Amino acid sequence: MALLTLSSPHAHGPNATSRIMLTVALATLPGLAVMTWFFGPGTLINVILAGLTAVVCEALVLKARKYPVGFFLKDNTALVTGVLLGLALPPLAPWWITVIATAFAIIFAKQIYGGMGNNPFNPAMIGYALVLVSFPVQMTTNWAVSFQMSGSEVAGLTDTLRAIFAGSADVADVYTGATPLDDYKHLISKETSDELLTRATFNGWLNGGWEWMNLAFLAGGVFLMLKRIITWHIPVSMLAALTLCSLVFGWDHDLYTPTWLHLFSGATMLGAFFIATDPVSASTTPKGKLIYGAGIGILLFVIRTWGAYPDAVAFAVLLMNFAAPFIDAYTQPRTYGHSKARRGLKTGK
Amino acid sequence: MTHLIQLHEFDGGIHPPENKHQSTGRAIRTAPLPDELVLPLHQHIGAPSRPVVSAGDSVLKGQVIAEPHGFVSAPLHAPTSGVVAAIEDRQVPHASGMSELCIVITPDGKDEWQPHQSLCAELGVDDCDDISAADLVRRIRECGIAGMGGAGFPTSVKLSVGDNRIDTLILNGAECEPYITADDMLMRERARDIVRGAQILLQITAAERCLIGVEDNKPEAIAALEDALLALHEEHHIDVVTIPTKYPSGGEKQLIQILTGREVPSGGIPAHIGIVCQNVGTAAAIADAVDIGRPLISRITTVTGDAVSDKGNWDVLLGTPVSHLLAVSGYQPQKRERVIMGGPMMGFALPTTALPVVKTTNCLLAPTEKELPTNKPSMACIRCGLCAQACPAELLPQQLYWFSKAEEFDKAEQHNIFDCIECGACSYVCPSEIPLVQYYRFAKGAIREEQAAQEKAEQARERFEARIARQEREQAEKEAKRKARAAAAEAAQKAKKAAPAAATDAPAKTAATSSPELEKLQKQLDGAQAALTKTKEKLEAAKADPAMAEKVPVFEAALTKTQDKIKTLAKDIAAAKKAAKAAPAAADDKGDPNSPERLKKKWEMAQGRLDTAIKRLEQAEAEGSDKVEALRDGLEKQKVRVEEARQAWEAATIGQPAANAAAQGTPEPANDDLKRKILAQKDRVDKARERLSMAQAEGLDTVEALTTALSKQQDKLKQLEQQADAAGEV
Ligand code: SF4
Ligand code: SF4
């Protein structure tokens, strides 16, 4: 009588990749809701468009590579990439920007490297960086203004659709404006901090809805931590490094962007909890995660303060992606029974 | 229990569903006698035992049927009275499904004991406390006791801790694997025996305290143990420590960490940090062995899983077929039929149920597909790091997985793959359901094989070097003799100038005296090398065998010692050789390897080889063989060699008259000396090249070193040639 012989362990826990990825996608919902509330339906349309594009591209590539399409699509990783990209792009960006960014993210940044788990860089951020560098005008002028900014109201569904799919310039002109980070960075040389903060961009509680969006992503991130899908290391070290840098170098608010604006504006929280924590391209050892997160925080501050771009989550993350394998090799934990941790990859004793 | 024990937490760990209640509902039952008992000779880690009965013999219950073979081994006893039906190869419970020699006994149903008595009675002492540790260990060995928690390491060996002072004895009652309740039920029903076993173990190890670690999901067991402690007045020496339920807290290393905060050094044994750890089942068996002289012939086995209707624990005679035990438990074969020996985390799936229960069989798990789904196809690793969070050994399972998969074994080793205890926690939590442990087993196996292969290459290299050394030695001897003759001749001729004579005389003496010394050294070296090979073999065997792990450091120490010795010897030999070589450099004789005749022969030989090489190349080209490239390379090299040989010969013939003059006692011009040096150097270059090509052919890791050595020699040669040129111009 032949029995089924399988190798131990014979039991498996409840974890499943597809569910983890779905949870990540769901955890962005509060942020998405807040963005839709403050900036109009643009982001929602982006997310749907990017999500669809991602899934379709993934399916096509899998088919071309003769992989079982259904099995791999079920892992939901393409969906997550699409969703994150949709959240990161300007709400009123023309549709082709979204499609190009997503297709590039899936086909080149992910599948060319061998598909899920093998991409050294965060695909969503590669897609974002590509369109940011290639289409700077569309990428920097299409940020919808929130209804909290005086004199403007949020774009309606029809206007949004026209802006995105028909490229109607009139809509874009009415509903878009500079982001708070952008404004502060460029105007602080001309005005004092107090003057600046009376501008429309900073209306509302802190900065015209951006604070709520960041808080919503923070909430989603805490949810992921509670679900043990991400650990605290990367977000905490990234935010800590950003805070520290802005306290040390940017203490003079008449010269530099203040700390609270760093933390609660731009893509800070989305980056800290959803993008920097992308497991595939991040560092994976506990100590490595701390270094990796801190690196992103520092780079974020440096580029925001002295670089050409008002926000820099994508570049900061991509730069640290480069370093992740190296960081991992040098931050191995001390194994049980060893007096000290091993370093690097060489076998030398 | 009177002491407050500070608990420590180990990193990682998981909380799989316990599934223990199914089998704790009923008291331990005695399994009915099967039709035959199959007793593998190799139920423990170490060497198999040797049968002392033959087919047809009648045996009594408890009678020795096989003797231990070697130190790390254990005897085997008849579990019941009956007749030895056969001694033959039978399939044994092992992951590989292999067959091994087994003693098959047909029970006679009488269950008749052979006379046995307590150790006290045997030794004629009144108080058991007076028995020496050696006597206790001997009794434990005679009773065939081997670790009953899983590995099956002979207990007497584990208790031989050498010079290590033991301060803490740990009894492992954690039983962290899901489903298994054998230890739990044993602690509930036979707590007294366990405590008694602890007393004996304390007596043997002279430890100050004993800690019995039990997970907090076994309150009945803890209560029973505490009652037993009070009853035996041991509450001051022995503590029952309740530890949090977390898999794998029952891993020896983890339990030690929880209870003491100490870590067993990598590659070491608990005794190195003053700890001896035994399973509670083993402790009870020790009590039986010492107090009534009952050898290890039965054990408690849990039979559970939804494919059996009557789940519970059985007191089973060793050798009972699994199928028998399943049958009495109401086993219903399932669609995807599986029977696991051990638990769901670390047990192995049996290839058939026609296998016997052995000393380490703590559980038979027959799950349904619904209960433990067979693995789904795995997805790609998303580097979520959950595995690293679960690993109790603080490894990076994900990295180990990538390295194993890519067969980058050196990196896997660098990431401490050999510290993996194969607990399966990482696989359990992996959301992509990657069979991680399977990859690690594969990698470990491959690394061990690689090491064995390397060892072989190393031995080949050693043999090769020994041969070269021997040849050089013989040469040196010859030259020394020749030198002595030349010196004598010179002395007879009464050389006119004292200086050169002295110069040639001195080295001759050194050479003459160094020769026997060299031989002696060489002999020593050979001996040391033989010892080295042997130690390496032993070490390898120990490494391959997880239970022999305890011996590894000992062998390793021995290995380093021998290696050091070899190094010193090699140095001595080199020094001696130098002394011997210094002699021939100044003289000339027919035996000189650089004499024109020899060089000519060398040249001719090289030319001959070149011819063969050309022929082979032509043939290969004609056949279109894929060796053409290699052959062509070889041909080029051979051409160079021929050219060198020719040049060497020419140089020698030019230098000849001068050399002859030197032999007649005229002082040598510096130029000639230089030429000779060049020739000697050329010879060295040749030799270095030969060694290198040999190393390359065998794929040895010395290639690099030899390459640098060769280029150094070549540089020297160049220098000399330049000097010669300069001298020629002057
Ligand atoms: S748990 Fe599985 S998927 Fe996650 S990092 Fe480990 S091996 Fe990869
Ligand atoms: S099987 Fe090995 S790598 Fe995996 S958790 Fe256990 S010790 Fe760690």
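Up top is the structure.
## Brief notes about the site of ligand 2
Residue and element names in this part refer to chain B.
Then, in step 1: Residues in close proximity to ligand 2 total 13 residues, the closest being Cys391, Cys420, Cys423, Gly424 and Cys426.
Then, in step 2: Those elements giving two or more residues to the shell around ligand 2 turn out to be helix H13 (425–429) and helix H14 (436–493).
Then, in step 3: Residues of the shell around ligand 2, tallied by class, amount to 11 nonpolar, one polar and one charged.

## As for the site of ligand 1
Then, in step 1: The local shell around ligand 1 consists of B:Cys381, B:Ile382, B:Arg383, B:Cys384, B:Gly385, B:Cys387, B:Gln398, B:Cys430, B:Pro431 and B:Leu436.
Then, in step 2: When the residues that make up the shell around ligand 1 are grouped by side-chain class, the tally is seven nonpolar, two polar and one charged.

## Things to note about the sheet that holds strand E3 (residues 50–51) of chain B
Residues and elements named next belong to chain B.
Then, in step 1: Strand order in the open sheet formed by three strands is E3-E5-E6, and the pairing between neighbours is antiparallel. Of all the strands in the sheet, just E3 and strand E6 (76–77) have a single pairing partner and so form its edges.
Then, in step 2: Across two bridges, the pairing between E3 and strand E5 (residues 64–67) is antiparallel. Considered in E5, the bridge of proline 51 is made with alanine 66.

## Notes on the interface of chain A and chain B
Buried accessible area, meaning the area lost when the parts come together, often serves as the stated size of an interface.
Then, in step 1: Taken together, the 45 residues of chain A in the interface contact 64 residues of chain B.
Then, in step 2: Carbon and sulfur atoms make up 56% of the surface buried where chain A meets chain B, a total of about 4800 Å² over both sides.
Then, in step 3: Across the chain A-chain B interface, the total number found is one salt bridge.
Then, in step 4: Its salt-bridge partner being A:Arg334, residue B:Glu263 comes within 2.8 Å of it at the nearest N-O pair.
Then, in step 5: The interface formed by chain A and chain B contains 24 residue pairs in polar contact (both at pLDDT 80 or more).
Then, in step 6: Counting residues per element, the side of chain A that touches chain B draws most heavily on helix H1 (residues 17–27) of chain A, which supplies three residues.
Then, in step 7: Its residues placed into classes, the side of chain A that touches chain B shows 18 nonpolar, 19 polar and eight charged.

## Describing the packing of helix H2 (residues 29–39) of chain A against helix H3 (residues 42–64) of chain A
Residue and element names in this part refer to chain A.
Then, in step 1: Where H2 meets H3, the closest approach of the two axes is 7 Å, and the angle between their N-to-C directions is 135 degrees. On the basis of the axis angle, H2 is oblique to H3. Residues Leu32, Met35 and Thr36 of H2 form the contact with H3, whose participating residues are Thr43, Leu44 and Val47.
Then, in step 2: Considered class by class, the residues forming the contact of H2 with H3 number four nonpolar, two polar and no charged.

## Considerations on the sheet that holds strand E15 (residues 340–341) of chain B
Backbone-to-backbone hydrogen bonds pair the strands of a sheet. The strands run either parallel or antiparallel.
Then, in step 1: Pairing within the open sheet is mixed, and its six strands lie in the order E1-E14-E13-E17-E15-E16 (chain B). Unpaired on one side and paired on the other, strand E1 (29–30) and strand E16 (348–349) of chain B mark the two borders of the sheet.

Analysis parameters
Residues numbered from 1 in each chain as written. Chains lettered and ligands numbered in written order. Predicted model: local features only at pLDDT ≥ 70, side-chain atom pairs only at ≥ 80, totals over all residues. Heavy atoms only, no water. Near = heavy atom within 4 Å. Helix = DSSP H or I, 4+ residues; strand = E, 2+ residues; numbered from the N terminus. Nonpolar A, V, L, I, M, F, W, Y, C, P; charged D, E, K, R; others polar. Pairing = 2+ DSSP bridges. Contact = heavy atoms within 4.5 Å. Buried area = accessible area lost by both parts, 1.4 Å probe. Salt bridge = Lys/Arg side-chain N within 4 Å of Asp/Glu carboxyl O. Polar contact = N/O pair within 3.5 Å; in protein donor to acceptor, adjacent residues only side chain to side chain. Axes fitted to C-alpha atoms, helices over the stretch in contact; angles between N-to-C directions. Parallel < 35°, antiparallel > 145°, perpendicular 65-115°, else oblique.

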